[in-house]
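Observations on the three-dimensional arrangement
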Amino acid sequence: MTPTERVEQIAFDPGLSVSEKSDRITAFFTQQGDPGITLAADCLTDTDDPAVAQYIAAYLELTPGGQEEKTRAAERLRGKGPVVQAVARLVPWLPEHLLDAFVNDFFASPDPESPLASVIFAIGVFHPARLRSHADQIERAAVRQSLLSGAPDDSADAFLNEWHKTRDLDSLQALALIRTVHAADLIASVRDEIDDPEDWEWLMPLAGRLPDSGAESGLRPAYMGFVTERGKSPHAMGGRYAHEVPLCARCSSPADRVLTLSATALPQELSSDPSFFWFSCDCDEVDVLTVRFTAQGTYAYFQPQGPSVDHSRVIPGERSLALELHPNQTGVSLPAITGSSRHQVGGLPRWPSPETHPICPECGKFMPFLAAVDSGPTLFGPMDFGGSLFGFWCDNCSVSTTQLQD
């Protein structure tokens, strides 16, 4: 039995659910080690079944690296009928000339029901500039919204003018999601015109600046994150934390370490290693955890604290987070869908719904975004929490805040 036949056997098994099929196909390729990417790319081009292609591409989407193999697979799938839809999962790794080829293929005869429509959607998320010249041909509202990211100054001016006419906050939110310097300047200019100051306090960081200091609301550059084996990256996930952690006020369950970033392995010039925590218990007592890091250990605000657990219940095993530069450094303008979003370090957050940034309890200033960890699938099984976790970091005070959004 060839590898493609084995994958198809799993995919066509009527006794398995969709999630079980996905888990088994992912495990099949993961067990191959480093050759798994090459094998998956070969299987992706061998199969003619769109559902099988999606299962294989889902594995490749969760796996860092492999740009050559992913590009080769995408090139071979171009013009191959319905299976081309799977290329949407490979868009972050594709070179510009190939992205443009897919864009030209679609707009030669644009059809929202075309298998290429999913590829165009992904290009809008990661490479919106490559679609901008075709804006008048785009019917799908989500793809049009993706083009807000990095939109030209005249578009920003038009949204501001629209808001002055209607006073509809949707116009200001669209303006903020452009996330350019000019767009942020315009949001800053209307501070005294907005009826509710709290609205300005979430619009300003959405545009890229903290409301009080004017500093960037996200620590650039932006990286995509991939859960991988322990030790493959200096950024640790799960496992025992060396110092005390927050405890649930109701059941005394220790919070799990979700992520510890290595400051020396990042270009953001952080003064210490930020760590972010979350509870695995079902008490639903908190939606925010704030911790200060000192030479003597940790201090949990608003929670009791105690020793860490030996094995994480939030992260599937003791892992690490591999990072690759995000293709969209301006900031994605489409809302995230929790459970199917990418992990991120640096840049501006892709919120499911925009929120005000937390305030550091030490200095009283708004905190910039640093990391997001989603609850979606990994190569090692699902996360044990729902929604997405957003991590903020005050570097002057060495304070982290983790907050959940469903």
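1. Looking at the packing of helix α9 (residues 153–166) against helix α10 (residues 169–176)
Viewed as axis vectors pointing N to C, α9 and α10 meet at an angle of 165 degrees, and their least axial separation amounts to 8 Å. By the angle between their axes, α9 is roughly antiparallel relative to α10. When the axes of α9 and α10 are compared, the crossing they make is left-handed. In this structure, α9 uses A156, F159, L160, E162, W163 and T166 to contact α10, whose residues at the interface are L169, S171, L172, A174 and L175. Among the residues making up the contact of α9 with α10, the classes are represented as eight nonpolar, two polar and one charged.

2. Examining a negative patch on the surface
A surface patch of negative charge is lined by D282, D284, D384 and D406. Tracing the sequence through the fold places D284 in the loop between β5 (275–278) and β6 (288–294).

3. With respect to empty space enclosed by the protein
In the structure shown here, the tally under the stated rule is two cavities of 30 Å³ or more. Each pocket or cavity is described by its volume, and for the largest cavity that value is around 50 Å³. Take the lining of the largest cavity: its biggest share by element is three residues, from strand β14 (residues 388–394). Among the residues forming the lining of the largest cavity, the class breakdown is seven nonpolar, two polar and no charged. Of the pockets and cavities examined, the second largest cavity occupies roughly 40 Å³. Every residue along the wall of the second largest cavity is listed here: A222, H326, N328, Q329, T330, G331, V332, Q344 and L348. Here the residues of the lining of the second largest cavity are counted per class, giving three nonpolar, six polar and no charged.

Reading the values: the criteria
Residues numbered from 1 in each chain as written. Predicted model: local features only at pLDDT ≥ 70, side-chain atom pairs only at ≥ 80, totals over all residues. Heavy atoms only, no water. Axes fitted to C-alpha atoms, helices over the stretch in contact; angles between N-to-C directions. Helix = DSSP H or I, 4+ residues; strand = E, 2+ residues; numbered from the N terminus. Parallel < 35°, antiparallel > 145°, perpendicular 65-115°, else oblique. Left-handed = near helix turned anticlockwise from the far one by under 90°. Contact = heavy atoms within 4.5 Å. Nonpolar A, V, L, I, M, F, W, Y, C, P; charged D, E, K, R; others polar. Patch = residues over 30% accessible without salt bridge, like charges linked within 9 Å, V, L, I, M, F, W, Y side chains within 5 Å. Areas by Shrake-Rupley, 256 points an atom, 1.4 Å probe, with all protein chains shown as cover. Salt bridge = Lys/Arg side-chain N within 4 Å of Asp/Glu carboxyl O. Lys, Arg positive; Asp, Glu negative; His and termini not counted. Charge placed at Lys NZ, Arg CZ, Asp CG, Glu CD. 1 Å grid on protein atoms, 1.4 Å probe; cavity = no way out; pocket = protein on both sides within 12 Å on 5 of 7 lines; lining within 4 Å. Points joined across faces, edges and corners; volume = space filled by probe spheres on them.

Honestly, that's just the spatial picture; any functional story needs more than this.
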